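Commentary on secondary and tertiary structure
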Amino acid sequence: MDQVDQWDIAVETALRERDLPRVRALLDERDAAEVASLLEREDAADRAVMYRLLDRDKALEVFELLDAGMRAELFQGLRDEDVAQVFEELDPDDRAQLVDELPAGVAGKLMRGLSPHERELTAPILGYPKNAIGRYMSTEFVRLLPHFTLGDALTHVRHRGGDAETVYMLPVTSEHRRVLGVVGLRELITGRSDQRVEDIMVDARVVRATDDAEAAARQVVDAGLLAAPVTDSQDRIVGVVTVDDAARILEEAEDEDAARQGASEPLGRPYLATPVFGIVKSRVVWLLVLAVSALLTVQVLDVFEATLDKVVTLALFIPLLTGTAGNTGSQAATTVTRALAMGEVSKRDVLAVAWREVRVGAILGALLGTLGFALAGLVFGLPFGIVIGSTLLLICTLAATVGGCMPMLARLVRADPAVFSTPFISTFCDATSLIIYFVVATWVLGIS
């Protein structure tokens, strides 16, 4: 048993015995990340007790490490004065995300209790849609004017930088807050004090506050930026988004895609901290949808029941063919969904993607079909080998094409591409592969 496990057990033992001074001492021994990890595994009541035992600075640090859903749950177990204090001390972007998780009445009360300055910083963020990058930006930043000397600029940063989200990237704006460029802190420090900011600034890569959060975050990460200015529709700066925020957005998006590709909804909190009914809720809707859609496969088998009665051997290959079709379609969908997320393809590339997947599917089908032809032909005769080989060629081509196009269609109708991937494609390919199989078998084997 390692030291972390021993520490966890010691905390839980002291908590059961209600030895709160001991719990406080144990929590003080560890850093905020370890405490946050422990809180995530506790039930709501014990989590609130332990949180109230933390000192003020560590409590805020731990709170910021929790996800938004758990923060909202923790709020419900704290006293009103504790809630007001934590809410006041949060960064504006974290505060805005927490508001999304709280009941409207509670959120309104907390917003009204903020100091005027903090309310002024938070209100603009809440004005943007939940999936927009403006919802994740920080309104606490330091901007420079182009006529500042570097000496004046450094003085300005020292004076205003204490509350800023970041000072490693400093936007340079006009008097009317229009972005002209950016200056790195390194260049500001190493330059001559009599130089002007406009002499060392470089072009800024900005994102619009209404841009999709995942797409904007991808731009920041791919460009290797420490931060990027966020502008409104008039090209005036309204905030900055840091690489840390961008990485968190992408991580959440990847978690969501992974869950939906597995036919469930993301839990939104650690597994052990999620109630059993919460896990059931995340899975049951998709299972019902897939169960209903699978009835299509049953209907196909019912239509070709007479064919199966005449050539019972056909039933032996159904699992092979439906499994191959589903896997082929899922592979194509996963590849294209990732390409969409990475910005490697866009909606207008649907024909290029379809043509590429047609060729990929045909090659895969030819390879698998040759193997299927040889094996089935040796065991069940040449005609049966032709049926299996031809079917594999056709279903692989169709499955890859459909699997590649489905995520593109999803993006076209503004849906999540991950939703259209594995679950629906597997069901679709099951039904279509059976139709192709029985049509080919009827024609090749002369079944009437």
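Right, let's walk through the structure included here. (Residues numbered from 1 in each chain as written. Predicted model: local features only at pLDDT ≥ 70, side-chain atom pairs only at ≥ 80, totals over all residues. Heavy atoms only, no water.)

**Details of the overall build of the protein**
Stated precisely, the cut-off is as follows: By the criteria applied, helices consist of DSSP H or I runs no shorter than four residues and strands consist of E runs no shorter than two, each listed in order from the N terminus. Contacts were defined at the residue level, with two residues in contact if any of their heavy atoms lie within 4.5 Å.
Looking only at helices and strands, the protein has 21 helices and five strands in total. Within the protein, contacts between residues separated by at least 24 positions form 67% of all contacts whose residues are at least 6 apart in sequence.

**Let's talk about the layout of surface pockets**
To keep things clear, this is the line we draw: Put simply, the grid is 1 Å and covers the protein atoms alone, a cavity is a trapped set of points that fit a 1.4 Å probe, a pocket is an open set with protein on both sides within 12 Å along at least five of seven lines, and lining residues have an atom within 4 Å of a point. Grid points are joined across faces, edges and corners, and a volume is the space filled by probe spheres set on the points. Each residue is assigned to one of three groups, with Ala, Val, Leu, Ile, Met, Phe, Trp, Tyr, Cys and Pro labelled nonpolar, Asp, Glu, Lys and Arg labelled charged, and all others, Gly among them, labelled polar.
Of the voids in this model, the second largest pocket is the one considered here, and its volume is about 560 Å³. In this structure, the second largest pocket is lined by 20 residues; those nearest its centre are Leu 121, Thr 139, Glu 140, Phe 141 and Arg 160. Here the lining of the second largest pocket gets four residues from one element, more than from any other, and that element is helix α10 (residues 116–126). Here the residues of the lining of the second largest pocket sort into ten nonpolar, four polar and six charged.

**Overview of the pattern of salt bridges**
As a reminder, the rule being used: The term salt bridge refers to a pairing of a side-chain nitrogen on Lys or Arg with a carboxyl oxygen on Asp or Glu at a separation within 4 Å. Type-normalised accessible area, obtained with a 1.4 Å probe on protein chains alone, sets the label of each residue: buried when under 20%, exposed when over 50%, and partly exposed for intermediate values.
In total, this model carries six salt bridges according to the counting rule given. Here Arg 248 and Asp 245 are joined by a salt bridge, their closest N and O atoms 2.9 Å apart. Of this pair, Arg 248 and Asp 245 both sit in helix α15 (residues 243–261), separated by three residues, roughly a single helical turn. Taking the relative accessible area as the measure of exposure, Arg 248 reaches 24% and is therefore partly exposed.

**Brief notes about helix α9 (residues 104–113)**
The cut-off we apply is this: Arc definition: it is the arc formed by the directions from the helix axis to the C-beta atoms.
What α9 keeps buried is the set Ala 107, Gly 108, Leu 110 and Met 111. Buried positions in α9, seen along its axis, are confined to an arc of 165 degrees and lie on one side of it. Along α9, the residues that are exposed and aim more than 90 degrees away from the buried face are Gly 105, Lys 109, Arg 112 and Gly 113.

**A word on the packing of helix α5 (residues 56–65) against helix α6 (residues 68–76)**
This is how it is decided: In this analysis, axes come from line fits to C-alpha atoms, helices being fitted only over the stretch in contact, and the angle between any two N-to-C directions falls in the range 0 to 180 degrees. The labels follow the angle: roughly parallel below 35 degrees, roughly antiparallel above 145, roughly perpendicular from 65 to 115, and oblique for the rest.
At their nearest, the axes of α5 and α6 sit 8 Å apart, and the two run at 135 degrees to each other. Taken together, the axis directions place α5 and α6 in an arrangement best described as oblique. Where α5 approaches α6, its residues Phe 63, Glu 64 and Leu 65 are matched on the opposing element by Arg 71, Leu 74 and Phe 75. Split by residue class, the contact of α5 with α6 holds four nonpolar, no polar and two charged.

**Section: the packing of aromatic side chains**
Threshold: For Phe, Tyr and Trp, where Trp contributes only its six-membered ring, two rings pair if their centres lie within 6.5 Å, and the inter-plane angle classes them as stacked under 30 degrees, edge-to-face over 60, or tilted in between.
Taken as a whole and assessed by the stated rule, the structure comprises five aromatic pairs. Judged by centre distance (5.6 Å) and plane angle (75 degrees), the rings of Phe 317 and Phe 380 are edge-to-face. With a gap of 63 residues between them, Phe 317 in the loop between α17 (305–310) and α18 (318–341) and Phe 380 in helix α19 (residues 350–380) connect regions that are remote in the sequence. The exposure class assigned to Phe 380 is partly exposed, which follows from its relative accessible area of 38%. Note on Phe 317 and Phe 384: the rings are 5.6 Å apart at their centroids and 40 degrees apart in plane angle, and the pair reads as tilted. Placement of the pair is Phe 317 in the loop between α17 and α18 and Phe 384 in helix α20 (residues 382–412), with a sequence separation of 67 residues. With relative accessibility at 6%, the residue Phe 384 sits in the buried group. Through a chain of ring-to-ring contacts, the aromatic side chains of Phe 317, Phe 380 and Phe 384 assemble into a single cluster.

**A short note on the pairing of strand β1 (residues 169–173)**
To keep it simple, the criterion reads: Each pair of strands is called paired provided DSSP finds at least two bridges between the two strands.
Of all five residues making up β1, five are buried, and the element is well covered by its neighbours. On β1, burial covers both faces: Met 169, Pro 171 and Thr 173 on one face and Leu 170 and Val 172 on the other are all buried. Alignment of β1 against strand β2 (residues 179–184), held across five bridges, turns out to be antiparallel. Considered in β2, the bridge of Met 169 is made with Gly 184. Where β1 folds back on β2, the antiparallel hairpin that results is connected by five residues, among which Arg 177 adopts a positive phi of roughly 70 degrees.

**Considering the pairing of strand β4 (residues 227–231)**
Note the cut-off: Looking down the strands as they point away from the viewer, one classifies a crossover as right-handed if the path from the first strand across the helix to the second runs clockwise.
The buried count for β4 comes to five of five residues, which makes it a mostly enclosed element. In β4, alternate side chains face the same way, and those of Ala 227, Pro 229 and Thr 231 on one face and Ala 228 and Val 230 on the other are all buried. For the crossover that starts at strand β3 (residues 207–208), traverses helix α14 (residues 213–222) and ends in the parallel β4, the hand is right-handed. Bridge count between β4 and strand β5 (residues 237–242): five bridges; the pairing is antiparallel. By the bridge assignment, Ala 227 is partnered in β5 with Thr 242.

**Considering a negative patch on the surface**
For clarity, the threshold we go by: Like charges are joined within 9 Å and nonpolar side chains (Val, Leu, Ile, Met, Phe, Trp, Tyr) within 5 Å, but only among residues with over 30% relative accessible area and no salt bridge; these make up the patches. For the accessible areas, the method is Shrake-Rupley and the probe is 1.4 Å, while residue cover comes only from the protein chains on display. For this count, His and the chain ends are skipped, Lys and Arg are scored as positive, and Asp and Glu as negative. Taken as the charge centre is NZ of Lys, CZ of Arg, CG of Asp or CD of Glu, depending on the residue.
Judged by side-chain charge, Asp 28, Glu 29, Asp 31, Asp 55, Asp 57 and Glu 61 come together as a negatively charged surface patch. Those elements giving two or more residues to the negative patch turn out to be α2 (20–29) and α5. Structurally, Asp 57 can be placed in helix α5.

**Considerations on the sheet that holds β4**
Spatial ordering of the open sheet is given by β3-β4-β5, a layout of three strands whose pairing is mixed. A single partner strand is all that each edge strand has here, and the edge strands are β3 and β5. Across two bridges, the pairing between β3 and β4 is parallel. By the bridge assignment for β4, Val 207 is matched with Val 230.

It is worth stressing that arrangement in space is one thing and function is another; only the former is reported here.
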